[in-house]
Amino acid sequence: MSGVRPTRAARAGRAVVVVVALLWSLGPVAYGVVLSMRPYGEVTRDPLGLPSGLDLSAFATAVRDEADGGFGLGRFVLNSLGVAVGTVVLSIVVCVLGAYAAARLRYRGRAVTNGIILAVYLFPGIVLAVPKFVILSRLGLTSSLVGLLVVYVAATVPVALYMMRNFFLALPASVEEAAIMDGCSLGQLLIRVVLPIAIPGVVATAIYVFMIAWNEYFYALLFLVQHRDLWTAPLGIAQLGDFQVPVTVLLAGSIAVTVPVVVVFFLAQRYIVSGLVQGAER
Amino acid sequence: MTAARPAPPHTAPARTRVARPKARTGLARRENRSGWLLVSPSLAVVALVVLLPFALVVVFGFSEIRLVDIPFLGTEPIEWSLDNFRRAAASQAFWGALWTTVLYAGLTAVGSLAVGLVLALALRRPFPGRGLVRALLLVPYVLPVVAAATIWKTMLNPQYGVVNAFGRAYLGWDTPVGFLSTTSADVWGIPVPVALLVVVLFDIWKSAPLAFLFLTARLQSVPGEIEEAAALDGAGRRQILRFILLPQLRAVALLLLLLRFIWSFQTFDDVYLLTEGAGSTQVMAIQVYTELVTKADIGSAAAFGLLMSLILGVLLVGYVLLSRRTEES
């Protein structure tokens with residue numbers, strides 16, 4: 001037994017690794033937060049200095065509308081929120097059904113459909129950017145948030161299916177069998193029996209899907225770059241970087257769109273992580 | 001509610017089905033129908049947004065089509081040709097981007113696996129505050145890529161970035177270094193691809209937490225008794241690591257390596273946001289974007305994409321074979 005317990009040297013080594021790892025992971029983030037609270041002139045004059053006081057004006061400037069001398073982040077956030085929430089609703093409704101069938105029901109062709117789902121999960125997305133762009137612009141949807149919503153649902157369905165199937169597989173099947181024996185219909189079974197016990201998994205998947213839609217940049221750039229009033233938050237921040245916007249304002253904007261995502265992720269962290277790594281445990 | 005009743009023993013449904021064959025086939029047919037009912041929305045989405053676009057990208061790759069042709073799509077016959085592929089194979093841009101991408105994806109895959117492995121091993125045993133440390137290490141992974149790139153760009157800025165300010169104040173740098181625009185710099189006589197390495201470092205920073213999570217999950221399922229038995233037999237710490245822990249991790253590490261390579265091979269956001277392709281960081285995804293948006297050439301962009309997916313397809317087959325073997329063992 002005693003041989004497995006860490007020696008003093010091993011513990012010291014571990015402490016060093018942990019401190020370095022925390023600095024490496026959080027250092028840049030802390031730097032961004034500190035800079036967003038310093039006046040721009042002070043940053044350029046003394047890059048290594050610490051903030052002399054708490055200056056939150058950059059946040060106000062970032063969020064205010066252009067008409068009021070701001071940079072319109074408030075509207076970008078609303079655009080992002082609309083698309084992300086829409087993506088979550090559509091993607092989750094489709095995937096709850098599909099993932100349940102994939103995890104539980106024995107239907108003909110099940111192996112094939114499961115194979116397709118895995119293949120799609122791993123499929124290189126960039127290859128499809130060209131045809132998606134062409135199809136949606138043929139339909140006149142590339143200059144609208146609706147087009148973005150379609151693309152985001154498409155992008156999140158595979159990963160949501162994969163995660164939710166993992167969650168369903170981990171649930172005990174006996175309760176459902178009992179309900180079927182009692183003559184429960186499929187709809188009743190899903191809504192009254194399965195969903196109540198699967199809710200943590202569904203919420204975790206929903207949060208993960210929300211994060212993907214909230215953070216997405218490529219398609220927003222491809223579709224909406226010429227329509228400033230439709231910019232999502234990531235596109236807005238990236239585009240403003242090319243203009244003469246003070247870096248403190250850019251950082252304030254970045255922090256503002258980051259905080260909600262990080263907070264929500266950590267509330268559901270344990271479930272999200274278990275849904276993602278399930279296959280790695282064996 | 002039915003769910004509140006105690007569940008019958010597991011064998012009950014099976015026994016009933018065997019006893020009444022008629023009911024069994026009815027049940028099976030109903031299950032078959034429900035299965036298709038539930039899975040059809042997912043399949044519809046997949047067909048509409050994956051299979052149909054893929055068919056189209058093949059068509060585009062083999063035809064002369066530009067952005068201005070979109071409004072007439074479907075009304076005019078397609079002119080088939082191999083020109084897009086011929087031009088790609090003859091162009092410096094294609095081979096350059098391919099090499100850059102392989103280098104970028106390879107370095108990122110190895111780097112994030114190595115960092116993830118060190119973290120997973122360091123945090124293997126419980127200590128006070130481990131849960132918090134573990135959560136904090138995930139922050140770079142959760143951060144929106146735009147926010148992360150904005151912070152890194154600021155850090156590395158030649159005028160007011162903290163890295164250059166520090167280098168000039170304490171390390172004796174004469175001139176600021178343009179980390180995101182320098183193709184190559186001599187460090188002690190060795191040429192170093194500066195911008196590419198910065199982008200790789202950024203991607204390792206962002207993706208190592210995921211490797212850490214997977215490796216931690218795998219480590220937790222290594223039974224403690226093996227280690228104890230080895231220790232009783234006189235194995236030292238290094239031997240335990242080398243002969244017990246690392247072999248257990250080998251399969252999942254290989255999968256992670258391959259998966260990260262596949263994902264990094266198609267990265268657009270990280271590279272584009274940091275450098276926009278400057279400093280010789282034109283990866284394949286940026287090439288596809290350039291062909292489509294800047295050159296307005298759909299056919300050429302589709303051909304680039306197809307060639308990418310050909311390479312990825314080979315890797316994916318490898319991944320599936322590997323993961324199947326992992327599951328069997």
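As the structure is a prediction and not an experimental result, all values here were calculated from the model.

(A) A look at the overall build of chain A. When you go through chain A residue by residue, the secondary structure sums to 13 helices and zero strands. Here chain A has a C-alpha radius of gyration of 24 Å; the compact-globule value for 282 residues is 19 Å, and the former is much larger. Counting only C-alpha atoms and orienting by the principal axes, one finds that chain A spans roughly 75 × 70 × 35 Å. Burial status across chain A gives 51% buried among its 282 residues. Carbon and sulfur atoms provide 68% of the accessible area of chain A, an area that totals close to 11900 Å². Charged side chains of chain A number 19 positive and 13 negative; the gap between the two group centres comes to 14 Å.

(B) Spotlight on the overall build of chain B. A count of helices and strands for chain B gives 14 helices and two strands. A separation of at least 24 residues holds for 64% of the contacts in chain B among residues at least 6 apart in sequence.

(C) Here's a closer look at helix 9 (residues 194-220) of chain B. For helix 9 of chain B, spanning 27 residues, the distance from its first C-alpha to its last is 38 Å, which sits close to the expected 39 Å at 1.5 Å a residue. At S207(B), helix 9 of chain B shows its largest bend, some 40 degrees, and a proline, P209(B), comes one to four positions later.

(D) Fine view of the UniProt feature "transmembrane region" (unreviewed entry) in chain A. Residue and element names in this part refer to chain A. The feature "transmembrane region" (unreviewed entry), as annotated in UniProt, sits at residues 12-34, 81-103, 115-135, 141-164, 189-214 and 249-268 in this numbering. Annotated as residues 81-103, this span is 100% helix and 0% strand, and its ends, taken at the C-alpha atoms, are 31 Å apart. Across residues 189-214, the secondary structure splits into 100% helix and 0% strand, with the terminal C-alpha atoms separated by 33 Å.

(E) Quick peek at the nonpolar core. Counting residues in each nonpolar core, the largest one holds 149 residues, and the members touching the most others are Y217(A), Y219(A), F223(A), I272(A) and F268(B). Top element by residues in this core is helix 9 of chain B. It accounts for 16 residues. Shared between two domains, this core holds at least three residues of each, these being domain 1 (57-90 + 298-328) and domain 2 (99-296) of chain B. In this structure, Y219(A) is in contact with G125(A), L128(A), A129(A), K132(A), L148(A), V151(A), Y152(A) and L224(A), ignoring residues within four places of it in sequence. Counting residues in hydrophobic clusters, the runner-up holds 39 residues, among them Y100(A), A160(A), V193(A) and L38(B).

(F) Region of the structure containing the pattern of salt bridges. Residue and element names in this part refer to chain B. Inspection of every chain in the model, using the stated rule, returns one salt bridge over all chains. The shortest N-O distance in the salt bridge between K295 and E291 comes to 3.2 Å. On the basis of relative accessible area, K295 is assigned to the partly exposed category, the value being 44%. Since its relative accessible area comes to 7%, E291 is described here as buried.

(G) Region of interest: helix 5 (residues 130-137) of chain B. Regarding helix 5 of chain B, the residues found buried are R130(B), V133(B), A135(B) and L137(B). Where helix 5 of chain B is buried, its residues contact helix 1 (8-36), helix 12 (247-267) and helix 13 (269-277) of chain A together with helix 4 (92-122), helix 6 (139-142) and helix 9 of chain B.

(H) Expanded view of the packing of helix 1 of chain A against helix 4 of chain B. Two elements in contact, helix 1 of chain A and helix 4 of chain B, have axes separated by 10 Å at closest approach and are oriented at 130 degrees. One element, helix 1 of chain A, and the other, helix 4 of chain B, form an angle in the oblique class. Crossing handedness for the pair helix 1 of chain A and helix 4 of chain B: left-handed. Listed contacts from helix 4 of chain B to R14(A), V17(A), A21(A) and W24(A) of helix 1 of chain A are V115(B), V118(B), L119(B) and A122(B). A class-by-class count of the residues in the contact of helix 1 of chain A with helix 4 of chain B yields seven nonpolar, no polar and one charged.

(I) Quick peek at the environment of P41(B). Residue and element names in this part refer to chain B. In this fold, P41 is placed in helix 2 (residues 21-61). What makes P41 partly exposed here is its relative accessible area of 25%. Along the backbone, P41 and Y272 are 231 residues apart, and their C-alpha atoms lie at a distance of 34 Å.

(J) A look at the interface of chain A and chain B. The interface is formed by 99 residues belonging to chain A together with 109 residues belonging to chain B. For the chain A and chain B pair, buried surface summed over both sides reaches about 9300 Å², with 77% attributable to carbon and sulfur atoms. Here chain A is connected to chain B by zero salt bridges. Viewed at the interface, chain B and chain A are joined by five residue pairs in polar contact (both at pLDDT 80 or more).

(K) Summary view of the packing of helix 4 (residues 73-104) of chain A against helix 7 (residues 145-170) of chain A. Residue and element names in this part refer to chain A. It is at 6 Å that the axes of helix 4 and helix 7 come closest, and there the two elements cross at 40 degrees. By crossing handedness, the relation of helix 4 to helix 7 is classed as right-handed. A per-class count over the contact of helix 4 with helix 7 returns 20 nonpolar, six polar and two charged.

(L) Up close: the environment of V102(B). All names here are of chain B. One can find V102 in helix 4. For V102 and I151, which are 49 residues apart along the polypeptide, the C-alpha to C-alpha distance reads 26 Å. Apart from residues no more than four positions distant in its own chain, V102 is found in contact with F261 and F265.

(M) A look at the UniProt feature "transmembrane region" (unreviewed entry) in chain B. Following the UniProt record, one finds the feature "transmembrane region" (unreviewed entry) at residues 36-62, 102-123, 135-152, 187-205, 243-263 and 298-322 of chain B. Regarding residues 102-123 of chain B, the helix share stands at 95% and the strand share at 0%, and the terminal C-alpha atoms are separated by 31 Å.

(N) Here's a closer look at the packing of aromatic side chains. Throughout the structure, instances matching the rule amount to 19 aromatic pairs over all chains. Three or more aromatic residues link up through ring pairs in this structure, and these residues are F133(A), F218(A), Y219(A), F223(A), F268(B), Y272(B) and Y289(B).

(O) Representation of the side chain of S25(A). Note on placement: S25(A) falls in helix 1. Ignoring anything within four residues of it in the chain, the contact list for S25(A) reads L136(B), L137(B), P140(B) and W205(B).

(P) Looking closely at the domain arrangement of chain B. All names here are of chain B. Once the domains are mapped, chain B shows domain 1 (57-90 + 298-328) and domain 2 (99-296). Its C-alpha centre places domain 1 at a distance of 29 Å from the equivalent point of domain 2. On the domain 1 side of the contact with domain 2, F304, M308 and Y319 bury the most area, a combined 33% of that side's loss. Split into classes, the residues belonging to the side of domain 1 that touches domain 2 amount to eleven nonpolar, five polar and one charged.

What counts and how
- Residues numbered from 1 in each chain as written.
- Chains lettered and ligands numbered in written order.
- Predicted model: local features only at pLDDT ≥ 70, side-chain atom pairs only at ≥ 80, totals over all residues.
- Heavy atoms only, no water.
- Helix = DSSP H or I, 4+ residues; strand = E, 2+ residues; numbered from the N terminus.
- Rg over C-alpha atoms; globule rule 2.2 N^0.38 Å.
- Buried < 20%, exposed > 50% of the residue type's maximum accessible area, 1.4 Å probe, protein only.
- Areas by Shrake-Rupley, 256 points an atom, 1.4 Å probe, with all protein chains shown as cover.
- Lys, Arg positive; Asp, Glu negative; His and termini not counted.
- Charge placed at Lys NZ, Arg CZ, Asp CG, Glu CD.
- Contact = heavy atoms within 4.5 Å.
- Expected span 1.5 Å × (residues − 1).
- Bend = angle between axes of the 7 residues up to and from the residue.
- UniProt positions renumbered as here; feature names shortened; annotations may be inferred.
- Core = buried A, V, L, I, M, F, W, Y, C linked by side-chain atoms within 4.5 Å.
- Domains from an automatic or database assignment.
- Salt bridge = Lys/Arg side-chain N within 4 Å of Asp/Glu carboxyl O.
- Axes fitted to C-alpha atoms, helices over the stretch in contact; angles between N-to-C directions.
- Parallel < 35°, antiparallel > 145°, perpendicular 65-115°, else oblique.
- Left-handed = near helix turned anticlockwise from the far one by under 90°.
- Nonpolar A, V, L, I, M, F, W, Y, C, P; charged D, E, K, R; others polar.
- Buried area = accessible area lost by both parts, 1.4 Å probe.
- Polar contact = N/O pair within 3.5 Å; in protein donor to acceptor, adjacent residues only side chain to side chain.
- Phe/Tyr/Trp six-rings, centres within 6.5 Å; stacked < 30°, edge-to-face > 60°.

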